[in-house]
Structure formats: structure tokens, C-alpha cells
Amino acid sequence: MKNTAFLARLPAIVLTLLLAVGGMLRLDGLGEQSFYHDEIDMLLYADGLIERGTASKQVGSMDRPLATYEALVYPIALSRMLLGESEWAARLPAALFGTAAIAAVFFVGRALFSPAVGLLAAALLCFNPQALIWSKYLWHPQQAQLLALLTAYFVFRALEDRVRPVALAASAVLFSLTYLTWEGTGYLLPAFLIAVVTVRGRDPSWLKEPSVWVAGGAVALVVGFQLGRRMLLSEPFLVVGSGLSNVTTPLPVFLQSIYNPLYYFRNFLWLEDNAVLTLLMVAGIPLCWRLKAYRYVVTLLLADLFLMTNLLPRPAIRYVFHLEPLLILAASAALVQGMAWLRSHLGDAMPPAVKAVLGVSWAATCFGVLAASSPLARLHSINGFSQPTGVHVRPDTYYIDYRSPGEVLRAHLRPGDVVVSLFPDATQHYAGTRGDYFIQVLPRRPVLFDAQSGSPRLIERNIGTPTLTSLADLQEVSARSGRVWIVAVPYSLLYFYGGRSMHEWIADNARVMHESYDARLYLLER
């Protein structure tokens, strides 16, 4: 009797331990690395929300409202109001969302499959390298992941066998929040339709329910309003160039020369520690396809990947992080169902020794999968991962150090010095100066044309620093100034933005005053 009671409490005990460990892993070193430039951009909007009551920032002579990530800025602003302006405080919401995702994937796995699937999925997400990275990053991936997982669950519950209006309403609200966190999750909408058709088969009766059309209409209004608002807010700004943020409108990427049909296979399904999970998911298809929940999860995952591969411009690893729990759930269900199938074929009349061996084998297999899908494994040495630097892939990688070059610049900056920066908003945050110029010779990143200032010119898009568009511009600035600081952070983008001639000229004429992770601080003196 006592053993039965303990077994009944075991999932709750294990989940509590996983939440404690997962929370500690996500809070540990939360403020260790400097802010990344995308984080600083979001901080500008959060500060605008705190100071002016609207999520906006000043770009040159223009006030630019936040036209995307609308639901993302509020938790960040609240954390900064309550806990201060440190890296730790700003990133705390992402860590909390990441910890909550562990509990969410357990409950979803338990509801769709079994407690064993839920526990295994929670353990896998707890130690997942990408989850550990994005839980320490104050941008959209972690918040979007949690909301997308909950949306997927409620869509399944709402339309699994009959229409459940309450679950349908919950899915509509959650999807709206997911979309307003990052609009790239809008590709989930057609993916949901494909997945539901896979579950319901030839039964179209759910399409006749008024609540389905009401929920669909509400979601369409949210999406349409967001797209319309973004277009209207962008209208006053003449943008030159394009970047990774241009994901609002689906485009036939498969007709472009840069089309890479294997990008998300290599950078998600075969992404280092995801490789074992992908193999398990594929191996489980013959065994688990009869399960509605398994068909739904796998179809939703693959449909969204297909749509994003073919319709989403400028692919990036972070764009599919919200699908990680679906891959984990599919792999966990395949492993648990596989062990159940093996046990059923061996029969209940197994000798105790065989049962013991089976139990040990089951535990060892789970541990092996967990280890192979965590930072303990170094699968990049065998699976041909396409970006061997480990950026946004391995938790032990320091991406870019904006902090120490900014502190050195702050300490040595003199009146009359000129500052040229690749990311002026990061320089302003850590060095306390906006900087005087931004470098972009090659059209790599969108810039704005500011026609409202006294001298119409191209300005950097985040805080409005005037743009140097040639080596001659930089040489002219250097000739008329006593000292010119060049904040080449990230250093890897100096060649990318400035081109070979500018890169070589700076290397020949400037002294390196400080060097750190992908960061160099140069000084030009006459």
C-alpha cells in the first residue's frame, strides 16, 4: 500500500526536482555575459514603456514605436521596474518562462500520452542546450516557445474528437499572445490546420461548428490588426535595405537563388543534440502513428518546418526554437511506446531476472538519450553541424562581449574624441556615449533615411547615429579629428559591414586598445 502511494507521488517528486534543477541552471550566470545588441534594442523599448508609457524609442529626430514583439516588452519592463537595470533583472523573465516550459511540457506529455512521456520530455527540456541558451536571453524565443506549446495543446484538445469551445477559446487567446510575441509563429496557423486534418481524417464536422469560425475570426483579426499597425507605423520611415526582421509577409523563397531546402534539417532536426531526438521520432512513426496525439505532434512539427523553409525569408536558428518541445515530445513518446511494445511481446510471465534486466535497460536507455541530448554530449564532432562555432547552440560559448570594450572606452574617452561604432546602441549602454558615427559600406543591415533633421542623411536604425558609407568618409573624419575610437564589436562584422579596404585600412592605421570575445577596440590618432 505504501509502495502504491509512493509511486503515485513519484511523478510530482521528479517534476519538482527537475524544476529546481532547471531553474538553477537557468538562473546560474544569468547576468554573466554582456547584453547582445538585439537585447539592448528591446531594452530601449522597455525603457520607453517605463518612462513614457508607450513602447517606443528615439531614433535620430524621430520617435519610433514598437511595431513587433508587442507582448514581449511588458515582462521585461516589469522586471526592470522591480529589480533594477542589470543584465540579471532584464533576463529574469526569459529564465522564468524557460523554467515554466519544463512544467508545461510535462503536463502536455502526460495529458497526450502518459506520465512517463511527460517526465522524460521534462527531463530532456530541462537539460536541452538550446533551452539553456535562450532562457538567458531577453528576446522572443523562450516566451514564444512556452506560449506555442500551450497553444498546440489546447488546439488538440479543442478539436481532437469533438469541438470543445472552452479549449478553443483558450487556444485562440494563447495563439494571439504567441503571435504578438513574435509574428513568425504565424506559420503555425496553416500547420495547425494540416495537423488537425491528420487527426480527424475524413471527418469534416468540426468545420461546421460556429465556435471554430468565431475563434478563427478572432485570430484573423489579431493577425490583421498587427500587420496593419506595423505597416502604418513603418510608413513614415524610409528604410534602405532588409534584414532578419522581414518575416511578416510569406514569400516564395523556393524561387530565390538563396533557397536552402535543408537549412532547418541541418540547423534544427540534425542540430547537434537534436540528432538523437530526430532519430527517435522517425523510428517511432511506424509504431506510434496510430496514436492521434503522436500524429498531431509530428505533423504539426514537420508542417511548420516545411512552411518556414519555403515561405520564411532569411532563415535563422532561433526562428524554430518554439518547435523544440514538439520534437522532444515525439521522441519521448516513441521511446516509451517502444519499451512498452517490447515488454508486451516478452509477456507478463517474465522471470524476475529478465524483468530486472529490462528495467535496467530502460533506465540506461533513458539516461543515454538524456545525456546525448544535453551539453554532456559533443555530437557536433560526428553529425556534420553546419555552424561549428557553436553560436546559439552550445551553452558554454561566449557570443559577443560588448561590456568590457564599453568600459575601457568610458575610462579613456576624452572631450573632443570621435566614436565610430558598429552597434551604437550597445556602445551607448556600456560606454555612456551615443557615439558619433555608424559604419556600413556594404548594404548588410537596414538603415533609415532621416529627412526631418536639419541635414537629411542615412542613420543607423536603433538610435539614429549618422552612417559612414565609404572608406573616404572614415578617412575624412579621421583627418579632422584628433582621436577616433572604432568600436569593432562584433569584430567579425567589421569586414562584413565595411568591406576589405576599410578593414585593412583600420588594421594598418589604428592601434588595438582592447580585445575580448569577438570584440576589438581601436584608436586612430593623428
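Scroll up to find the structure.
Residues numbered from 1 in each chain as written. Predicted model: local features only at pLDDT ≥ 70, side-chain atom pairs only at ≥ 80, totals over all residues. Heavy atoms only, no water.

Asker: Any chance you could explain the side chain of S478 here in plain terms?
Answerer: Inspection of the secondary structure puts S478 in helix α18 (residues 471-480). Setting aside residues up to four positions removed in sequence, S478 forms contacts with V484, W505, L524 and R526. (Helix = DSSP H or I, 4+ residues; strand = E, 2+ residues; numbered from the N terminus. Contact = heavy atoms within 4.5 Å.)

Asker: What am I meant to see in helix α13 (residues 292-311) here?
Answerer: Because an α-helix completes one turn every 3.6 residues, residues spaced three or four positions apart along the sequence face the same direction. Along its 20 residues, α13 runs 28 Å from first to last C-alpha, staying within 8% of the 28 Å computed at 1.5 Å per residue. For α13, a buried count of 16 out of 20 residues is recorded, marking the element as mostly surrounded by other parts of the structure. (Expected span 1.5 Å × (residues − 1). Buried < 20%, exposed > 50% of the residue type's maximum accessible area, 1.4 Å probe, protein only.)

Asker: Help me understand the nonpolar core in this model?
Answerer: Soluble globular proteins tend to pack their nonpolar side chains together in the buried interior. Ranked by size, the top nonpolar core spans 141 residues in total, and within it Y294, Y296, L300, V420 and I506 carry the most contacts. No other element matches the eleven residues that α13 contributes to this core. Beyond its immediate chain neighbours, meaning those up to four positions away, I506 contacts L474, I486, L494 and Y522. (Core = buried A, V, L, I, M, F, W, Y, C linked by side-chain atoms within 4.5 Å.)

Asker: I'm lost on unusual backbone geometry in this one. Help?
Answerer: Backbone phi values are negative for most residues with the exception of glycine, while trans is the configuration of most peptide bonds. Of the consecutive residues V489 and P490, the connecting peptide bond is found in the cis state with omega at 0°. Structurally, P490 is set in the loop between β9 (483-488) and α19 (492-509). A positive phi angle, close to 60°, is found at Y69, a residue other than glycine. Note that Y69 resides in the loop between β2 (62-65) and α3 (73-83). Although it is not a glycine, D518 sits at a positive phi angle of roughly 50°. As for its position among the elements, D518 is in the loop between β10 (511-516) and β11 (519-525).

Asker: Is there a simple way to explain the packing of aromatic side chains in this structure?
Answerer: Working definition: an aromatic ring pair is given by the centre-to-centre distance plus the angle between the planes. Under the definition given, this model contains 18 aromatic pairs. Between W134 and Y137, the aromatic rings sit 4.9 Å apart at their centres with planes inclined by 80°, giving edge-to-face as the arrangement. The same class applies to W134 as to Y137, namely buried. One aromatic cluster is present, built from ring pairs that chain together Y36, Y69, W134, Y137, W139, F321 and Y399. (Phe/Tyr/Trp six-rings, centres within 6.5 Å; stacked < 30°, edge-to-face > 60°.)

Asker: Can you walk me through the pairing of β10 in this structure?
Answerer: The side chains of a regular strand alternate, first on one face of the sheet and then on the other. For β10 and β11, the ladder comprises five bridges, and the chain directions are antiparallel. Considered in β11, the bridge of E515 is made with R520. What sits between the antiparallel neighbours β10 and β11 is a turn of two residues, in which D518 has the positive phi angle 50°. (Pairing = 2+ DSSP bridges.)

Asker: What exactly am I supposed to notice about the environment of K136 here?
Answerer: Here K136 lies in the loop between α6 (129-134) and α7 (140-159). By relative accessible area, K136 is classed as partly exposed at 23%. C-alpha of K136 to C-alpha of L92: the two residues are 44 residues apart in sequence and 7.6 Å apart in space. Residue contacts for K136: discarding those within four places in its chain leaves L25, R26, D28, G29, L30, E39 and R91.

Asker: Explanation requested: the side chain of K57 in the structure shown.
Answerer: Mapping K57 onto the fold places it in strand β1 (residues 56-59). Residue classification places K57 among the buried positions, given a relative accessible area of 4%.

Asker: Would you mind showing me how to read the pattern of salt bridges here?
Answerer: Where side chains of opposite charge bring their charged atoms close, a pairing between them can arise. Counted according to the given criterion, the structure contains 16 salt bridges. Here R91 and E39 are joined by a salt bridge, their closest N and O atoms 2.9 Å apart. Separated by 52 residues along the polypeptide, R91 in helix α4 (residues 87-112) and E39 in helix α2 (residues 37-52) bring together distant segments of the chain. An identical accessibility class is assigned to R91 and E39; each is buried. (Salt bridge = Lys/Arg side-chain N within 4 Å of Asp/Glu carboxyl O.)

Asker: Help me understand α7, please; the structure alone is not making it clear to me.
Answerer: If you check α7, its first and last C-alpha atoms are 28 Å apart, about what 20 residues at 1.5 Å a residue would give, namely 28 Å. Taken across its 20 residues, α7 has 17 buried, putting it largely inside the fold.

Asker: Just checking my understanding: could you explain the packing of α7 against helix α8 (residues 165-181) for this structure?
Answerer: A pair of packed helices is captured by two measures, namely the crossing angle of their axes and the spacing between those axes. Look at α7 against α8: their axes get within 8 Å of each other, and the N-to-C directions meet at 160°. Taken together, the axis directions place α7 and α8 in an arrangement best described as roughly antiparallel. Once α7 is placed against α8, the crossing between them reads as left-handed. In contact with H140, Q143, A144, L147, A148, L150, T151, F154, V155, R157, A158 and L159 of α7, α8 contributes A167, L168, A170, S171, L174, F175, L177, T178 and T181. Split into classes, the residues belonging to the contact of α7 with α8 amount to 14 nonpolar, six polar and one charged. (Axes fitted to C-alpha atoms, helices over the stretch in contact; angles between N-to-C directions. Parallel < 35°, antiparallel > 145°, perpendicular 65-115°, else oblique. Left-handed = near helix turned anticlockwise from the far one by under 90°. Nonpolar A, V, L, I, M, F, W, Y, C, P; charged D, E, K, R; others polar.)

Asker: Just checking my understanding: could you explain a nonpolar patch on the surface for this structure?
Answerer: A grouping of L27, I50, L78, M81, L82, L83 and W88 is seen on the molecular surface, where their side chains present a nonpolar patch of about 690 Å² in accessible area. It is α3 that contributes the most residues to the nonpolar patch, four residues altogether. By relative accessible area, M81 is classed as exposed at 56%. (Patch = residues over 30% accessible without salt bridge, like charges linked within 9 Å, V, L, I, M, F, W, Y side chains within 5 Å. Areas by Shrake-Rupley, 256 points an atom, 1.4 Å probe, with all protein chains shown as cover.)

Asker: How should I be thinking about the packing of α3 against α4 in this particular structure?
Answerer: The N-to-C vectors of α3 and α4 enclose an angle of 130°; their axes lie 8 Å apart at closest approach. With respect to α4, the element α3 is oriented oblique. In this structure, α3 crosses over α4, and the sense of that crossing is right-handed. Residues P75, I76, S79, R80 and L83 of α3 lie in contact with α4, whose contacting residues are W88, A89, A90, L92, P93 and F97.

Honestly, that's just the spatial picture; any functional story needs more than this.
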